[in-house]
Amino acid sequence: MERENLVWDNFKEKDLEEMLNFCEGYKSFINASKTEREASQEIVKIAEENGFIDLKTAIESKKKLTVGDKVYATNKDKGIIMFILGTEPMEKGMTITGSHLDSPRIDLKQNPLYEDDGFTFLETHYYGGIKKYQWVTIPLSIHGVLITKGGKKVNIVIGEDDNDPVLFITDLLPHLSKDQSAKKLSEAIEGENLNVLFGSMPIEDKEAKSRIKLNTLRLLNEKYGIEEEDFTSAELEIVPSGKARDVGLDRSMIAAYGHDDKICAYTCLRALVETEAPKKTCVGLFVDKEEVGSIGATGMTSKFFENTVAEVMELAEGYTSLKLRRALANSKMLSADVLAAFDPLYPSVCERKNTAFLGKGIVIIKYSGKDGKVGSNDADAEFIGEVRNIFNKNNIVWQTSELGKVDQGGGGTIAYILAEYGMEVLDCGLVLLSMHSPYEIASKADIYEGYRGYKAFYSI
Ligand SMILES: [Zn+2]
């Protein structure tokens, strides 16, 4: 069972070129998709370029959907579902991939702006599982929206253009870190202290109070027409500044913010848009809020998915509650999310025989969870057998994995939520080094193999 097969060995010259082109496409996508809103927008763009129409328009015009028709529906600009209608009725089941568009980051609090000893700062509350010490002293950018008093939506991106300023969170110098260095890694940088440096120049009026804060507010008003209270109705996200970069002398890897989970989103998306007139209706599911438990109207636990399937069914073959339930229960899904790759610098957290490696292809994960598989999906052997056969038949390089050694830690995905319908769901994704850090690392070979794997799955 030793899997010595590297994806690289399967590439002939032509494949290698195709793979590198594919990865360039991915780099452009991830550079433009730092937040779930931006990712959702990019996916809509690619969907429309590939002939998908907005479900809202189809509903309004009472369009009858037939085999091969392509529709998409967005969920509050933070998630999207895409459908390609198959030759079989939907109640026979759909072929689904599901990935998420949100990534670990640092969000602004509702009342973020304050002045302290010559600086303005922004108060934050981190989002998802981050190691806080990784986010200090690196260039950061701010992305998101504010809703003004008049109800106008203002988009903000600061810190990505070469001419933009960037933001920083400071840290102590080593010379004065005696107390900090003695602390545990998880406590050395406190969440309440992840405040972002935002300015240091005062307004001219020497009599005024909070002169630096006033200057910051003046600049915000001049550039974006916003005032301080607008921060209360905003979603502003602090993420690492900069673009995806090739890694290694051989350029075999990519470092980027937010591979988790845009790497699966992009590979699933490309696989779906290249699928033509499938037997089963093919669905690409791109959701928000996975990193904080799939909550809220845009997370996987919301009814958006179910409601959207009902709408498509109504236009395709006529909706009934029973047909919808059958469609969901008869479906097959790959929950496409990332997993930790074996890291030779930290071998002790993994059990090598059941760990995935960078460059060894798409990964099948029967269960994750923690403390005795708790919270995992634990896919059926029969479905794993089916997926394994599809991959083998299509010459896809694949491997299996658990998330670390037993009782070392753990985690979950959206898999168990879809499984509640009775559908077959299997976690199947790609591995990363430095997962959940500001710059995660992925293998180009894996990215391409992921795309090929999802494409093979859509062809069942
Ligand atoms: Zn993830």
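Refer to the structure above for everything that follows.
For the structure given in this document, a descriptive report is provided here. (Residues numbered from 1 in each chain as written. Predicted model: local features only at pLDDT ≥ 70, side-chain atom pairs only at ≥ 80, totals over all residues. Heavy atoms only, no water.)

1. What about the packing of helix α9 (residues 304-316) against helix α10 (residues 321-329)?
For step 1, the next point in the chain: Relative to each other, α9 and α10 sit at 115°, their axes nearing to 10 Å. Considering only the axes of α9 and α10, their crossing is right-handed. For the pair α9 and α10, contact is made by F305, E306, V309, A310 and M313 and by K323, L324, A327 and L328, respectively.
For step 2, the next point in the chain: Of the residues contributing to the contact of α9 with α10, the split by class is seven nonpolar, no polar and two charged. (Axes fitted to C-alpha atoms, helices over the stretch in contact; angles between N-to-C directions. Helix = DSSP H or I, 4+ residues; strand = E, 2+ residues; numbered from the N terminus. Left-handed = near helix turned anticlockwise from the far one by under 90°. Contact = heavy atoms within 4.5 Å. Nonpolar A, V, L, I, M, F, W, Y, C, P; charged D, E, K, R; others polar.)

2. A closer look at the coordination of the zinc ion
For step 1, the next point in the chain: Coordination sphere of the zinc ion, protein contribution only: H100 (NE2), D260 (OD), D337 (OD) and D337 (OD), at 2.1 to 2.8 Å.
For step 2, the next point in the chain: Each of the four donor atoms around the zinc ion contributes to a set of angles spanning 51 to 148°, which defines the coordination as irregular.
For step 3, the next point in the chain: Of note, the zinc ion draws all its donor residues from one chain, in the sequence arrangement H-x159-D-x76-D. Taken together, the positions of D260 in helix α8 (residues 259-273) and D337 in the loop between β14 (332-335) and β15 (339-340) put the pair 77 residues apart, joining distant regions of the chain. The pair D260 / D337 is uniform in exposure class, with both members buried. (Donors = N, O, S within 2.8 Å, 3.2 Å for Na, K, Ca; no water. Tetrahedral: all angles 85-135°; square planar, octahedral: opposite > 155°, others 65-115°. Buried < 20%, exposed > 50% of the residue type's maximum accessible area, 1.4 Å probe, protein only.)

3. Remarks on the pairing of strand β3 (residues 80-84)
For step 1, the next point in the chain: Across the five residues of β3, five count as buried, placing the element largely inside the fold.
For step 2, the next point in the chain: Every second residue of β3 is oriented toward a common face, with I80, M82 and I84 on one face and I81 and F83 on the other, all of them buried.
For step 3, the next point in the chain: Where strand β2 (residues 70-74) lies against β3, five bridges are found, and the strand directions are antiparallel. Directly across from V71, in β3, lies its bridge partner F83.
For step 4, the next point in the chain: Hairpin connection between β2 and β3: a loop of five residues separates the two successive antiparallel strands, and K76 in this loop has a positive phi of roughly 50°. (Pairing = 2+ DSSP bridges.)

4. Description of the nonpolar core
For step 1, the next point in the chain: Among the nonpolar cores identified, the biggest contains 60 residues, and M82, I263 and F391 are the most heavily contacted of them.
For step 2, the next point in the chain: Top contributing element to this core by residue count: α8, with nine residues.
For step 3, the next point in the chain: With 33 residues, the next largest nonpolar core counts L55, V309, I414 and A415 among its residues. (Core = buried A, V, L, I, M, F, W, Y, C linked by side-chain atoms within 4.5 Å.)

5. Here we look at the packing of helix α3 (residues 36-49) against α8
For step 1, the next point in the chain: At a closest axis distance of 11 Å, the pairing of α3 and α8 adopts a crossing angle of 10°. The angle between α3 and α8 falls in the class roughly parallel. Of the residues in α8, those in contact with A39, I43 and I46 of α3 are K262, Y266, L269 and R270. (Parallel < 35°, antiparallel > 145°, perpendicular 65-115°, else oblique.)

6. Digging into the sheet that holds strand β13 (residues 281-287)
For step 1, the next point in the chain: The strand order across the open sheet formed by nine strands is β1-β2-β3-β13-β4-β14-β18-β16-β17, and the pairing between neighbours is mixed. Looking at which strands have only one partner, the edges of the open sheet turn out to be β1 (53-54) and β17 (398-400).
For step 2, the next point in the chain: Pairing between β3 and β13: five bridges, direction antiparallel. From the neighbouring strand, I81 faces β13, where its bridge partner is L285.
For step 3, the next point in the chain: The strands touched by α9 are β2, β3, β4 (94-100) and β13; relative to β3, the strand with the most contacts, the crossing angle is about 30°.

7. Re the pattern of salt bridges
For step 1, the next point in the chain: Enumeration according to the criterion identifies 30 salt bridges in this entry.
For step 2, the next point in the chain: Note that K27 is salt-bridged to D246, the shortest N-O span being 2.8 Å. Taken together, the residues K27 in helix α2 (residues 13-31) and D246 in strand β11 (residues 245-247) connect sequence positions 219 residues apart. Summarising the burial analysis for this pair, K27 and D246 share the class buried.
For step 3, the next point in the chain: Among the ionic pairs, K213 bridges to E228, the shortest N-O distance being 2.8 Å. Taken as a pair, K213 in helix α7 (residues 211-224) and E228 in the loop between α7 and β10 (234-240) lie far apart in primary sequence, 15 residues in all.
For step 4, the next point in the chain: Judged by its relative accessible area of 28%, E228 falls in the partly exposed class.
For step 5, the next point in the chain: Residues joined by salt bridges that share partners form a network here, namely E24, K27, D246, R251 and K444. (Salt bridge = Lys/Arg side-chain N within 4 Å of Asp/Glu carboxyl O.)

8. Things to note about the packing of aromatic side chains
For step 1, the next point in the chain: This structure, assessed with the given rule, holds 14 aromatic pairs.
For step 2, the next point in the chain: Judged by centre distance (6.5 Å) and plane angle (65°), the rings of F383 and F457 are edge-to-face. With F383 in helix α11 (residues 381-393) and F457 in helix α13 (residues 444-458), this residue pair connects regions lying 74 residues apart in the sequence.
For step 3, the next point in the chain: An aromatic cluster is defined as three or more aromatic residues linked by ring pairs; in this entry it consists of W8, F11, F22, Y26, F29, Y266, Y448 and Y451.
For step 4, the next point in the chain: Note that R105 overlies the ring of Y127, its terminal NZ or CZ placed 3.6 Å from the centroid.
For step 5, the next point in the chain: Over the ring of F357 we find K360; its NZ or CZ atom is 4.8 Å from the centre of that ring. (Phe/Tyr/Trp six-rings, centres within 6.5 Å; stacked < 30°, edge-to-face > 60°. Lys NZ or Arg CZ within 6 Å of the ring centre and 35° of its normal.)

9. Concerning the environment of L194
For step 1, the next point in the chain: You can see L194 is positioned in the loop between α6 (185-188) and β9 (196-199).
For step 2, the next point in the chain: With a relative accessible area of 1%, L194 lands in the buried category.
For step 3, the next point in the chain: Along the backbone, L194 and F168 are 26 residues apart, and their C-alpha atoms lie at a distance of 9.6 Å.
For step 4, the next point in the chain: When neighbours within four sequence positions are excluded, L194 is seen to be in contact with I106, L122, T124, I130, K132, V136, I169 and I189.

10. Focus on the sheet that holds strand β12 (residues 253-256)
Hydrogen bonds between backbone atoms are what pair the strands of a sheet, whose relative direction is either parallel or antiparallel.
For step 1, the next point in the chain: Taken in spatial order, the three strands line up as β11-β12-β20 in an open sheet, and their pairing is antiparallel. If you trace the sheet from one side to the other, it starts and ends with β11 and β20 (440-443), each paired once. Ignoring strand direction, the axes of neighbouring strands in this sheet form an average angle of 35°.
For step 2, the next point in the chain: The pairing of β12 with β20 spans four bridges and is antiparallel. By the bridge assignment for β20, A255 is matched with I441.
For step 3, the next point in the chain: Against the sheet, α8 engages β12 and β20, with an angle of about 30° to β20.

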